[in-house]
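# Observations on the model geometry
Residues per chain, in single letters:
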Amino acid sequence: MVRTRHGRTTTAIVAATVLLCVPSGAASAGPGGDRPIDCRTWPGPNPDTVKNVRPVYSLTNGKWGNEVDVTLWRGDAGPRGEWHYWATLTGRTRPGDAVWLNVWPPGGGPWHRCGPFPVSRDGQAVSSPMAVWRDFTLVRACGRHDDFSTCGRDKGAMVE
């Protein structure tokens, strides 16, 4: 249990997993204070290979109104049907907007950032590659629209 400064308690979720991806580049912070991670070899979401796809959560920040939506998705993929997570940005997007996926490695942080993946034309939907649940203990979807960035809530990768 962890006690917050407001006197509330929360349960820490820790998954016994092995980190297979190694952060690349320097330790400089990116959007949201996270470190870049080389995710270029991660698979992209593909309806032919990902089954049981469902949104984990969607968010539209109040400043964005009903313009864009950042969604964290989960689907089964791979030879053992492992859960995969990815982030999408949809809606009235514009060049300069972007989406990325933050992942929290087993054993502690900081957050590592897969992306950003930029929008190149008005109305374009963009997504991150898929992170495999066994490689990370937490995931979250993040996006930028009109020079304002936000991330969704943390999602325990092994928790329904």
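Scroll up for the structure.
Structure report, in brief. Predicted model only: the values in this text are computed from it and were never measured. (Residues numbered from 1 in each chain as written. Predicted model: local features only at pLDDT ≥ 70, side-chain atom pairs only at ≥ 80, totals over all residues. Heavy atoms only, no water.)

### Digging into the overall build of the protein
This is how it is decided: Strands are runs of DSSP state E lasting at least two residues, helices are runs of H or I lasting at least four, and both sets are numbered from the N terminus onward. Partly exposed residues are those whose accessible area sits between 20% and 50% of the maximum for their type, while under 20% is buried and over 50% is exposed, using a 1.4 Å probe and protein chains only. By definition, residues are in contact when any of their heavy atoms lie within 4.5 Å. The protein chains shown are the only cover counted for residues, whose accessible areas, like all others here, come from Shrake-Rupley with a 1.4 Å probe.
When helices and strands are counted, the protein shows zero helices and 13 strands. The linear arrangement of helices and strands in the protein, starting from the amino end, is β-β-β-β-β-β-β-β-β-β-β-β-β. Buried residues in the protein amount to 42% of all 160 residues. Restricting the contact set of the protein to residue pairs at least 6 apart, pairs at least 24 apart contribute 60%. About 8,500 Å² of surface is accessible on the protein, with carbon and sulfur atoms providing 53% of the total.

### Things to note about the side chain of His112
Just so we agree on the cut-off: In protein, a polar contact means a hydrogen-donor-capable atom and an acceptor-capable atom, both N or O and within 3.5 Å, with residues adjacent in sequence counting only if both atoms are side-chain atoms; elsewhere, any N or O pair within 3.5 Å suffices.
The residue His112 is located in strand E8 (residues 112-118) in this model. Given a relative accessible area of 5%, His112 falls into the buried group. A polar atom in the side chain of His112 sits 3.4 Å from the backbone oxygen of Pro110.

### Side note on the packing of aromatic side chains
Stated formally: Pairs were defined over the aromatic rings of Phe, Tyr and Trp, the Trp ring being its six-membered one, requiring ring centres within 6.5 Å. Orientation was assigned from the angle between planes: stacked under 30 degrees, edge-to-face over 60, tilted for the rest. Whether a charge sits over a ring comes down to the Lys NZ or Arg CZ being within 6 Å of the ring centre and within 35 degrees of the ring normal.
For the structure on display, the rule yields two aromatic pairs. Look at Trp42 and Phe136: their rings are 5.7 Å apart centre to centre, the planes differ by 55 degrees, and that puts the pair in the tilted class. In this pair, Trp42 is assigned in the loop between strand E3 (35-36) and strand E4 (51-59) and Phe136 in the loop between strand E10 (131-132) and strand E11 (138-145), connecting sequence segments 94 residues apart. Its relative accessible area of 1% is what places Phe136 among the buried residues. The residue whose ring lies beneath Arg74 is Trp83, and the NZ or CZ to ring-centre distance is 3.8 Å.

### A short note on the side chain of Asp69
Summarising the element assignment, Asp69 is placed in strand E5 (residues 68-77). In terms of polar contacts, Asp69 uses its side chain to reach the side chain of Thr71, at 2.8 Å.

### Let's talk about the pattern of salt bridges
Note the cut-off: Any carboxyl oxygen of Asp or Glu that lies within 4 Å of a side-chain nitrogen of Lys or Arg is treated as forming a salt bridge with it.
In this structure the tally under the stated criterion is three salt bridges. Between Arg40 and Asp38 there is a salt bridge; the shortest N-O distance is 2.7 Å. The salt bridge involving Asp146 is made with Arg94; its shortest N-O contact spans 2.7 Å. One end of the pair, Asp146, is in the loop between E11 and strand E12 (148-151); the other, Arg94, is in the loop between strand E6 (82-91) and strand E7 (98-104), and 52 residues separate them in sequence. Through salt bridges with shared partners, one network takes in Glu67, Arg94 and Asp146.

### Comments concerning the nonpolar core
Under the convention used in this document: Among buried residues, those of type Ala, Val, Leu, Ile, Met, Phe, Trp, Tyr and Cys that are joined through side-chain atoms within 4.5 Å constitute a nonpolar core.
Among the nonpolar cores identified, the biggest contains 22 residues, and Trp42, Leu72, Leu89, Leu101 and Val103 are the most heavily contacted of them. Listing elements by their share of this core, those giving two or more residues are E4, E5, E6, E7 and E11.

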